Amino acid sequence: TQLLEQSPQFLSIQEGENLTVYCNSSSVFSSLQWYRQEPGEGPVLLVTVVTGGEVKKLKRLTFQFGDARKDSSLHITAAQTGDTGLYLCADPYSGGGADGLTFGKGTHLIIQP
Amino acid sequence: DAGVTQSPTHLIKTRGQHVTLRCSPISGHKSVSWYQQVLGQGPQFIFQYYEKEERGRGNFPDRFSARQFPNYSSELNVNALLLGDSALYLCASSLVGRYGYTFGSGTRLTVV
């Protein structure tokens, strides 16, 4: 089973600042998904990246997939309080033939007004 | 359109009891997966069902079981509850398996 490491574990910044969070693995990802989870809710899919070097943008969020497909980053520009949440990366191939997602432990992001 | 519906939203049980959690997928979705999320951690995969057959199982003891019904709804059963089973239990449905998962808001289980 793929082990996904996310960093930092916690991040608290002021509104308007930029930030980057990371997802790494010792193995190659076939593809990678990023989710955001707010308190009391389930994770919501933000993006799926598939090709090494791929960059996807979702408004102020920029997702990058490493050339070797062993790492990914999420960059938020001009963070807003509504960006607060738990950011999770996930591997859609959990191994062993199962179709479940393998998640990292997540980055807890707090944007202060 | 209704999203993934889970019931109950909150539940308190005593050690040793058993619990049944329920999930209704998005209409048309035939795949349902269950996840356990301990406070402060990412979700952990428990089961996946597709067309009423188990398609995958995570690293959980046999106390955990699940099934999927002809209408594609699903139940997760946990027997002989332990304090460590306290968690948010999430259900996700999908049209095409690995991609496009939609999660419900979860059932918060507290074992005392």
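Report follows, based on the coordinates. (Residues numbered from 1 in each chain as written. Chains lettered and ligands numbered in written order. Predicted model: local features only at pLDDT ≥ 70, side-chain atom pairs only at ≥ 80, totals over all residues. Heavy atoms only, no water.)

## Topic: the overall build of chain A
Now for step 1: A count of helices and strands for chain A gives zero helices and eleven strands.
Now for step 2: Counting from the amino terminus, chain A carries its helices and strands in the arrangement β-β-β-β-β-β-β-β-β-β-β.
Now for step 3: Since a compact globule built from 113 residues should have a radius of gyration of about 13 Å, the 14 Å found for chain A is in line with a globular shape.
Now for step 4: Viewed in the frame of its principal axes, chain A has a C-alpha envelope of about 45 × 30 × 20 Å.
Now for step 5: When each of the 113 residues of chain A is scored for burial, the buried share is 47%.
Now for step 6: For chain A, contacts bridging at least 24 residues in sequence account for 53% of all contacts bridging at least 6.
Now for step 7: Roughly 5300 Å² of accessible area belongs to chain A as shown, and the carbon and sulfur atoms make up 50% of that amount.
Now for step 8: Put simply, chain A has 8 plus and 11 minus side-chain charges, and the middle of one group is 4 Å from the middle of the other. (Helix = DSSP H or I, 4+ residues; strand = E, 2+ residues; numbered from the N terminus. Rg over C-alpha atoms; globule rule 2.2 N^0.38 Å. Buried < 20%, exposed > 50% of the residue type's maximum accessible area, 1.4 Å probe, protein only. Contact = heavy atoms within 4.5 Å. Areas by Shrake-Rupley, 256 points an atom, 1.4 Å probe, with all protein chains shown as cover. Lys, Arg positive; Asp, Glu negative; His and termini not counted. Charge placed at Lys NZ, Arg CZ, Asp CG, Glu CD.)

## So, the interface of chain A and chain B
One frequent convention defines the size of an interface as the accessible area lost when the parts assemble.
Now for step 1: The partner chain B presents 20 residues to the 24 residues of chain A that form the contact.
Now for step 2: Buried area between chain A and chain B, both sides added, is near 1800 Å², and the carbon and sulfur share of it is 51%.
Now for step 3: Between the two partners, chain A and chain B, sit zero salt bridges.
Now for step 4: Linking chain A with chain B are five residue pairs in polar contact (both at pLDDT 80 or more), by the criterion used here.
Now for step 5: Going through the elements one at a time, strand 4 (32-37), strand 5 (44-49) and strand 9 (85-91) of chain A are the ones with two or more residues in the side of chain A that touches chain B.
Now for step 6: Per element, the largest residue contribution to the side of chain A that touches chain B is three residues, and it comes from strand 4 of chain A.
Now for step 7: In terms of residue class, the side of chain A that touches chain B is made up of ten nonpolar, eleven polar and three charged. (Buried area = accessible area lost by both parts, 1.4 Å probe. Salt bridge = Lys/Arg side-chain N within 4 Å of Asp/Glu carboxyl O. Polar contact = N/O pair within 3.5 Å; in protein donor to acceptor, adjacent residues only side chain to side chain. Nonpolar A, V, L, I, M, F, W, Y, C, P; charged D, E, K, R; others polar.)

## Focus on the sheet that holds strand 6 (residues 55-58) of chain A
Residues and elements named next belong to chain A.
Now for step 1: Taking strand neighbours across the sheet as the criterion, the five strands line up as 1-3-8-7-6 in an open arrangement whose pairing is antiparallel. A single partner strand is all that each edge strand has here, and the edge strands are strand 1 (5-7) and strand 6. Pairs of neighbouring strands in the sheet enclose a mean axial angle of 15 degrees, with direction left out of account.
Now for step 2: Inspection of the sheet shows strand 7 (residues 61-65) paired to strand 8 (residues 71-76) by five bridges, in the antiparallel sense. If you follow threonine 62 over to strand 8, its bridge partner there is histidine 75. (Pairing = 2+ DSSP bridges. Axes fitted to C-alpha atoms, helices over the stretch in contact; angles between N-to-C directions.)

## Structural notes on the pattern of salt bridges
All names here are of chain B.
Now for step 1: This model, assessed by the stated rule, comprises eight salt bridges over all chains.
Now for step 2: With its nearest N and O atoms 3.7 Å apart, the salt bridge here joins lysine 52 to glutamate 51.
Now for step 3: Overall, the relative accessible area of 38% leaves lysine 52 in the partly exposed class.
Now for step 4: On the basis of relative accessibility, which here comes to 28%, the residue glutamate 51 falls in the partly exposed class.
Now for step 5: One salt bridge connects arginine 63 with aspartate 85, and the closest N-O pair in it is separated by 2.8 Å. You can see arginine 63 sitting in the loop between strand 6 (53-57) and strand 7 (64-68) and its partner aspartate 85 sitting in the loop between strand 8 (74-78) and strand 9 (87-94), a full 22 residues away along the chain.
Now for step 6: The class for arginine 63 is buried, based on a relative accessible area of 18%.
Now for step 7: Look at aspartate 85 and you get buried, because its relative accessible area is 4%.

## Some thoughts on unusual backbone geometry
Now for step 1: Here the amide bond leading from Ser7(A) into Pro8(A) is cis, since omega sits at -10 degrees, within 30 degrees of zero.
Now for step 2: Structurally, Pro8(A) can be placed in the loop between strand 1 and strand 2 (10-14).
Now for step 3: Each neighbour pair has its own omega, and for Ser7(B) with Pro8(B) the value is -10 degrees, a cis peptide bond.
Now for step 4: One non-glycine residue, Lys52(B), lies in the positive phi region at around 75 degrees.
Now for step 5: Here Tyr72(B), not a glycine, exhibits a phi torsion of approximately 75 degrees, which is positive.
Now for step 6: Summarising the element assignment, Tyr72(B) is placed in the loop between strand 7 and strand 8.

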